[in-house]
Every structure is written in C-alpha cells, then in structure tokens.
Amino acid sequence: MEFEQLIEYITGDPDEATTTAVLEWISASEENRKEFYRLKNIYALSQSGSRVTELRSDYFKVKEKLDFGSGESPVRWLKELLKYAAVIAFTLLSVYFIGQFRKNEIPREYVSAYHQLTVPLGQISEFIFADGTRVWLNSGTTLRFPDNPQDSLREVFLEGEAYFDVSKIKKRPFIVHTGPMDIRVLGTAFNVQCYPDMDKSETTLVEGSLEIQNHKQELLAMLKPGEQLKFSRSTLSRSLSRVDTAPYKAWRDGKLIFRDKSLGEIAGSLERWYNVRIIFSDEKIKNYRFTGTILKHKPFDQILQAIRLTTPIRYQIRVHAESSNEVTLYSRE
Amino acid sequence: MLDEINAELSVRLRNGDEKAFEIVFYSFYGPLVNFADEYLTDREASRNVVQTVFLKLWEKRADINKDYSLKAWLYSLTRNECISYIRHLKVSRKFAEKSREIMVRMQLNEEALHELDFNTIDLDTIEKIIRDTLETLPERCREVFILSRYDHLKNREIAGQLGITLKAVEGNITRALKIFQVKLKDYLPAGFILALLQ
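Every chain's residues receive numbers from 1 upward, in the order its sequence appears when written. The naming scheme follows written order: chains are lettered A onward, ligands numbered 1 onward. In view of the model being predicted, local features appear only for residues whose pLDDT reaches at least 70, and side-chain atom pairs are presented and counted only at 80 or more, with totals across whole chains, interfaces and linings using the full set of residues. By convention in this description, side-chain values take in all heavy atoms of the structure and omit both hydrogens and water.

(A) Structural detail: the sheet that holds strand S15 (residues 276-280) of chain A. All names here are of chain A. Reading across from one edge, S15-S18-S17 is the order of the three strands in this open sheet, with mixed pairing throughout. Looking at strand neighbours, the two that pair on one side only are S15 and strand S17 (313-318), the edges of this open sheet. Strand-to-strand twist across the sheet, computed as the mean angle between neighbouring axes with direction ignored, equals 25°. Sheet strands touched by helix H9 (residues 263-274): S15, S17 and strand S18 (325-331). Its angle to S15, the strand with the most contacts, is close to 155°. Along the sheet face, helix H10 (residues 300-310) touches S15, S17 and S18 and points at about 155° away from the line of S17. What makes two strands pair is DSSP finding at least two bridges between them. A helix here means a DSSP run of H or I that spans at least four residues, while a strand means a run of E at least two residues long, and both kinds are numbered starting from the N terminus. Interaxial angles span 0 to 180 degrees and are taken between N-to-C directions of axes, which are lines fitted to C-alpha atoms, for helices over the stretch in contact. Any pair of residues with heavy atoms lying within 4.5 Å of one another is described as a contacting pair.

(B) Expanded view of the nonpolar core. B:Leu13, B:Phe21, B:Val24, B:Phe35, B:Phe54, B:Leu57 and B:Phe180 are the most contacted members of the largest nonpolar core, which has 83 residues in total. If one sorts the elements of this core by residue count, helix H2 (residues 18-40) of chain B sits on top with 14 residues. With near-sequence residues (within four places) excluded, B:Leu13 lies in contact with B:Ala20, B:Phe21, B:Val24, B:Leu57, B:Trp58, B:Arg61, B:Ile64 and B:Leu70. Joining through side-chain atoms within 4.5 Å is the link that ties buried Ala, Val, Leu, Ile, Met, Phe, Trp, Tyr and Cys residues into a set, and such a set is a nonpolar core. Type-normalised accessible area, obtained with a 1.4 Å probe on protein chains alone, sets the label of each residue: buried when under 20%, exposed when over 50%, and partly exposed for intermediate values. In this structure, A:Phe145, A:Val192, A:Leu205 and A:Leu220 belong to the second largest nonpolar core, which totals 29 residues.

(C) Examining the pattern of salt bridges more closely. Residues and elements named next belong to chain B. Salt bridge, as used here, is a side-chain nitrogen of Lys or Arg placed within 4 Å of a carboxyl oxygen of Asp or Glu. Counting across every chain of the model gives 26 salt bridges over all chains. Put simply, glutamate 38 and arginine 149 hold a salt bridge, and the shortest N to O gap is 2.7 Å. One end of the pair, glutamate 38, is in helix H2; the other, arginine 149, is in helix H8 (residues 139-149), with 111 residues separating them in the sequence. Grouping residues by exposure puts glutamate 38 and arginine 149 together as buried.

(D) Just the packing of helix H3 (residues 43-59) of chain B against helix H4 (residues 70-90) of chain B, in detail. Residues and elements named next belong to chain B. For the pair H3 and H4, the least separation of the axes is 9 Å and the interaxial angle reads 130°. Here H3 is positioned oblique relative to H4, judged by the angle of their axes. Helix-helix and strand crossings are classified by hand; for H3 and H4 the assignment is right-handed. Across the interface between the two elements, Ala45, Val49, Val50, Thr52, Val53, Phe54, Lys56 and Leu57 of H3 pack against Trp73, Leu74, Leu77, Thr78, Glu81, Cys82 and Tyr85 of H4. Small angles under 35 degrees read as roughly parallel and large ones over 145 as roughly antiparallel, with 65 to 115 read as roughly perpendicular and the rest as oblique. Should the near helix be turned anticlockwise from the far one by less than a right angle, the crossing is termed left-handed; should it be turned clockwise, right-handed.

(E) The arrangement of the packing of aromatic side chains in detail. Two aromatic rings, drawn from Phe, Tyr or Trp (for Trp, its six-membered ring), form a pair once their centres lie within 6.5 Å of each other, and the interplanar angle then sorts them: stacked below 30 degrees, edge-to-face above 60, tilted otherwise. Summed over all chains, the structure comprises 23 aromatic pairs over all chains. Ring centres 6.0 Å apart and planes at 75° place the aromatic pair B:Phe35 and B:Phe118 in the edge-to-face group. Residue B:Phe35 is found in helix H2, and its partner B:Phe118 is found in the loop between helix H6 (100-114) and helix H7 (123-136); the two are separated by 83 residues along the sequence. Overall, B:Phe118 belongs to the buried group, its relative accessible area being 2%. Consider the rings of B:Tyr75 and B:Phe118, whose centres lie 5.6 Å apart with planes at 40°: the pair is tilted. Residue B:Tyr75 is found in helix H4, and its partner B:Phe118 is found in the loop between H6 and H7; the two are separated by 43 residues along the sequence. B:Phe118 carries the same exposure label as B:Tyr75, and that label is buried. Here a set of aromatic residues connected by ring pairs shows up, and it is made of A:Tyr59, A:Phe60, B:Phe21, B:Phe25, B:Tyr26, B:Tyr29, B:Phe54 and B:Trp58. For a ring to carry a charge above it, either NZ of a lysine or CZ of an arginine must fall within 6 Å of the ring centroid while also lying within 35 degrees of the normal to the ring plane. Against the face of A:Tyr195 rests A:Arg272, its NZ or CZ located 3.5 Å from the ring centre. The ring of A:Tyr9 is capped by B:Arg105, whose NZ or CZ atom sits 4.4 Å from the centre of that ring.

See below:
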C-alpha cells in the first residue's frame, strides 16, 4: 500500500481499490493500526476555524434547554477582565469571541465596555472592533478607547506600534491619538509606530488616504499610499518619504523585515520582540547595517549567532529571573 | 492572558454565569462541531453531539476546575459523546442499512477516538506545532492545506480555485500530512493506552 492511498482514505472519497488496500494494511499489524489512528487524529486536530452557519440558532436551541438564573451584569466583569487584556500572540481566543459577537450582532455592551488593551513584550495581538475595524498590536503596545464612543467619532489612543485596517463609515472619521500628533482617516490601512521611549514616530500609509494633525488640529501632512511621515517629538521636525510598505505589514505575521537598517535602529524592535535589554558597549557597532527577515518564533540566540557570523560583533547574555534578560554587544576588534 | 481568561471563565461558569457560558459557546462551538464531524462524517449529528456537550458542561459546571483547561475538557466531552454516538449507531437499524465500507470506517473512527486522551494531549502545543510547521511548507502546499483544513473546502473546490489538478491537491495534502506525522511524533504517540471515561 502507498502512503498516498492511506491519506486518500483518511481525507477523501477513496475508490474501492484504495479502500481494500488500506484496510488490508491496517489489519496487517498492530503498528499499522496505531499509525492509522494517529494519522486520522492528526488530520482531525489540524482543522480549525469555525464555519458553522447555524451558530446563533444552535445557541438558542441549547439555551432553551438550560435553566439560566439571573446572573450578574456581564459588563462589569468583562470590563475588569479586559483591563488586563493582553492577548497572547496569535492565540486569538478573546479576538475570537469578540469577533463572533460582532458577526452575530450580539450584545454591543461587550465591545464598548472595556477600555484598554495592553500587549506585553514578546507578544503580538489582533483585535476587531464592533464596526469591523481590525487592529494588530505589536509588542509593548497599549491601546485605549472610550467606554462610550460618540456617534460622530471613532477614536483610540495609541502608545506603541499598531497596524489599522479601518472600516469606512461615512461622516464618522476614525482618529488615532498618539503622543505628538493625531491621525485622522475615513477608511484605510496604515501602520503607526510611536513608542513613548522613542523620539521619532512613524506613520506609514498602505492604502487609502490619511491626514495628520497636531493637537491644535492644524494639518501637518496628508499622506498618499506608500508614503511615510516621520515626526520628532523633541524638535517637532517632520519629514515625508516614500517607502516600501512590506516591512510595516509583515510584523503582523510574525516577520520582522529589515532593509538596510542599522543595528542601532533594529535594537529597539528586537528588545520588544524578545523581551530583552540590549546594551551596546561600543557606540560604533550601532552603525552595522542589516538586511533580512527575522521570524518571530525563531529563538533569539539564532539571531545573535547570525550577527556574530556576519560581523565582528560578539555578545554576552545575562539571565535575570525577575526582569528582562540583558544582552551586551561588543566589538571583537 | 489566555490562562487568565480561561480561569476567569471557569470560575464564572461554575458560579452559573450565563454570559460566561455564552462566550464559551460562541468560542468553541464551531471548532468542536468541525472536530466531531471528522469522525461522524454527519454534520447534523455532529451539531447535536456538541449541543449535548454544552448541556453537559452546564450540568456539570460544579466540577469545573479553573486550573484545568476548559478547552481540553470540552474536547474530551466531545470525544466521549462521539464515541457513544457511534456505539448507538452501530446497533441501530439505520446503520445496518449502510454499506459495509461506511460501517468499517465508523468502526475505525471510533477506535481512533479511543486513542485520543485529552488529559495527556497538549492541544495548544499541537496547534502551535501545526501553525509553525505550516510556515515552513512550500507555498502551494501551505495554500492547499489551509484551504482544506481551515476553510474546509473540498479537494475538488480547491483544485478549481487554484487551477490545479485534483491529483496535485491530494499530493500537496499528503505532503503536508507526512511532515506533520513526523513533527507530532512526540505529541500524538502511536499506541499509548487509554483510560476510557465511559
């Protein structure tokens, strides 16, 4: 029997010859039989997603049969819970249920009740608003929004890095407030990086259009797709340039793409992604430039190894139980 | 955080919080129905089975332990319900009318279910390994696998959508499963003994 036939039997509609061959193989030995079970189970567990069109009606079927008493108000505890909401990277349980509520137009209070999402270092999370707007939050990011959004305005407050895919709603602009400036859009996709410990903030437009204002609501810039505005907190200077938007989208999928970036520029991202502290014993090594892609699930060691192999930089790791590990980079020369 | 949500939901459920039940239902109903359907190959039966699972979850809510994964518990309940469904089916008239091929298949599926012990299987790790492994598959192979397993398209539909032959679709799924088979060796070992919960 061919392995292909076994798979065909498990996954599809096998023909008679395949069925016969597989059943013969299964009954040939206990090992074969166990291997079949294992493959069958792997196949069953590898499916995911929730394609059940009858979700809502089935819920009411179950609910009818249960003796629900009068529980406490859902809003308060969910609000408490979501205060700590730091949804673990890629594991989207909370997004999942909020997403489900949105699709099924279930209690709006869930979506408008909470007010803060915090993503710890080393993690990424994704979130869907009631209006269908999606936002991805990078490591070390906090997003706040009002308990009761006004009808005329959708607004959020961002510290850190987030990618927004905003649903277009006529006459209801979506505003992202960041430390130094406000970003105003209708329906569009863009990335914002504004960590409080960094002087420069970056707004990169992927599609649609977007306006940037200062706090006096004076227009600072209007961006076209592929344009990036850098804004300095300290000098209030700003610069507009054209960029490749790929790196600004890729982090959502766990990829960190660098195109000719200096180690000094990269360090901040690495610190947040891997929850480490990077110390340069020599300012000069900040200037080594890198181009490449880092996959988030790869261990940090591997990245250090890659740096070590391609540059004269050496490193030393100090492990701390209570706080972030420290990596000291120094030059061999 | 997930652990916190899990613990919080568990506590709420145990205290009879209807909203917690609702959240758990909306989060897990779909995946559990799809899981059951892999073994029962009967959509309506799978929905009934998982509805029973949720009725039991509510009935037995006093037994919920916040330190134990709610997800594992739900999968475990679903597994047991599937086994008992197949057992009933085997002695029913409906079953006797089915072809021998289907009877054998159901029998094998029941045995496969017996091998699944959610007390020892780490679902989250398995899911993570599958996700990570998907990343390493060749583009086409990954595409086919995602359409098949995540979007639940039939092989024929995938072939149509991607403009490739049915054989190529099957080939890619086989390829992916071969890799999973190796990667998951330690997590779904062949031949470990099961305590039946019946």
